[in-house]
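Architecture at a glance
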Amino acid sequence: MDDTAPIRAEERFDEARVAAYLHSTLPELVGEHPIEFRQFPGGKANLTYLARAGDLELVLRRPPLGETAPGSHDMGREHRVLSVLHRAYPEAPRAYAFCDDAAVMGKPFFVMERRTGHVIRETWPPGLPDTADYRRRTAEAVVDALADLHLVDYDALGLADLGRPEGFVARQVSGWTDRWRRARHDDVPAMDTLAARLADLVPVPQRATILHNDYKIDNVMVDADGRVVAVFDWDMATLGDPLVDLGTALAYWAGPDDVLYPVFGSTGITLAADLSKSEMLERYAARTGVAIGDVAFYQAFAMLRIAVIVQQIYIRWLRGQTSDGRFSMLGMIVPPIAETALAMLD
């Protein structure tokens, strides 16, 4: 299956310059083959491209066009994590090189190995079985992959300084509140109330683990046997409270009664019908030993983050920084997301 497409006009780059970089930096992989570039069109934030040199396929990732929030879309961080995490966590693709010279591709980027499989997005991939048994096994594998990440010994990988676990959640609430202020174009009182309440309710963490920090179904690649073959998008990876990742996964695990269902699950691809949120929580807790009593806070915080991410994507479309028509309606869903998160806290 070809999961790539021609590069969108506004997201093109100097292909000859990038090819020269790959030839000089990774000669043992690329050899002397000419390099062809295509784009992975499915993502909504960072731009991801395929570089094909003979039989070799590599993946290039760089930040989106336009201004980005401080600390976001950190390709150097993603490269650092993926250059070592694959040793203990097979679901992490291996990163080969990082380029911080914006003159090469327009912004910093990194190069990683290509994994093959299927990413479940708005429609069910035709190459995957569509049976209740397969879907449940896939859902369980997605939960297990998150749990296994939180069991990784990050110190043994040299990642002990990847983040500052103490005070992590409080800083996250503050940081995402600041991102909201930078990206908003209309007042949304529910967002301001939500941010203030979350700041007052931060739980005491049970432990520190490595966090993916954006764990959701379309950042996971699966195969036809229901196994997770890759987890993508590590640019926000850090160390902190593992329930932050669990809350994010729960927020995106959208069933028909969830506010995000029209955006992420209304085409019938949601796995929430095959593994409920309560079953998901039980499975995660049993595998990790993490207590889940405060999970409502973490899910509400995840909703705040999702609302901000949606707004950031929408504002790029509003400013003409992307022509992707999928983004034109995103601004309307921010208020109901915030209101739903407030109800969770209640």
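Everything that follows concerns the structure shown earlier in this document.
I will try to describe carefully the structure that is included in this document. (Residues numbered from 1 in each chain as written. Predicted model: local features only at pLDDT ≥ 70, side-chain atom pairs only at ≥ 80, totals over all residues. Heavy atoms only, no water.)

**A short note on the packing of helix 6 (residues 168-183) against helix 7 (residues 189-200)**
Contact pair helix 6 / helix 7: the axes reach a minimum separation of 10 Å and the direction vectors enclose 165°. By the angle between their axes, helix 6 is roughly antiparallel relative to helix 7. Every pair of crossing elements has a handedness; the one defined by helix 6 and helix 7 is left-handed. On helix 7, the residues that touch Val173, Thr177 and Trp180 of helix 6 are Met191, Asp192, Ala195, Leu198 and Ala199. For the contact of helix 6 with helix 7, the class distribution of residues is six nonpolar, one polar and one charged. (Axes fitted to C-alpha atoms, helices over the stretch in contact; angles between N-to-C directions. Helix = DSSP H or I, 4+ residues; strand = E, 2+ residues; numbered from the N terminus. Parallel < 35°, antiparallel > 145°, perpendicular 65-115°, else oblique. Left-handed = near helix turned anticlockwise from the far one by under 90°. Contact = heavy atoms within 4.5 Å. Nonpolar A, V, L, I, M, F, W, Y, C, P; charged D, E, K, R; others polar.)

**Here we look at the sheet that holds strand 4 (residues 95-99)**
Strands sit in the order 1-2-3-5-4 across an open sheet of five strands; the sheet is antiparallel. Looking at which strands have only one partner, the edges of the open sheet turn out to be strand 1 (35-40) and strand 4. On average, each strand axis in the sheet is tilted by 25° relative to the strand beside it, whichever way the strands run. Taken together, the six bridges between strand 1 and strand 2 (residues 47-53) define a ladder with antiparallel strand orientation. Bridging from a neighbouring strand, Gln39 pairs with Tyr49 of strand 2. Running at roughly 110° to strand 1, helix 1 (residues 15-25) makes contact with strand 1, strand 2, strand 3 (56-62), strand 4 and strand 5 (109-113) of the sheet. Contacts between helix 3 (residues 75-82) and the sheet are confined to strand 3, strand 4 and strand 5, with strand 4 contributing the most and set at about 155° to the helix. (Pairing = 2+ DSSP bridges.)

**Considering the sheet that holds strand 9 (residues 228-231)**
A sheet is described by the order of its strands in space; here three strands give the open sequence 6-8-9, paired in antiparallel fashion. Two strands close off the open sheet at either side, each with one partner strand: strand 6 (118-119) and strand 9. Looking at chain direction, strand 6 and strand 8 (residues 220-222) are connected through two bridges and run antiparallel. In the strand pairing of strand 8, His118 is matched with Val222.

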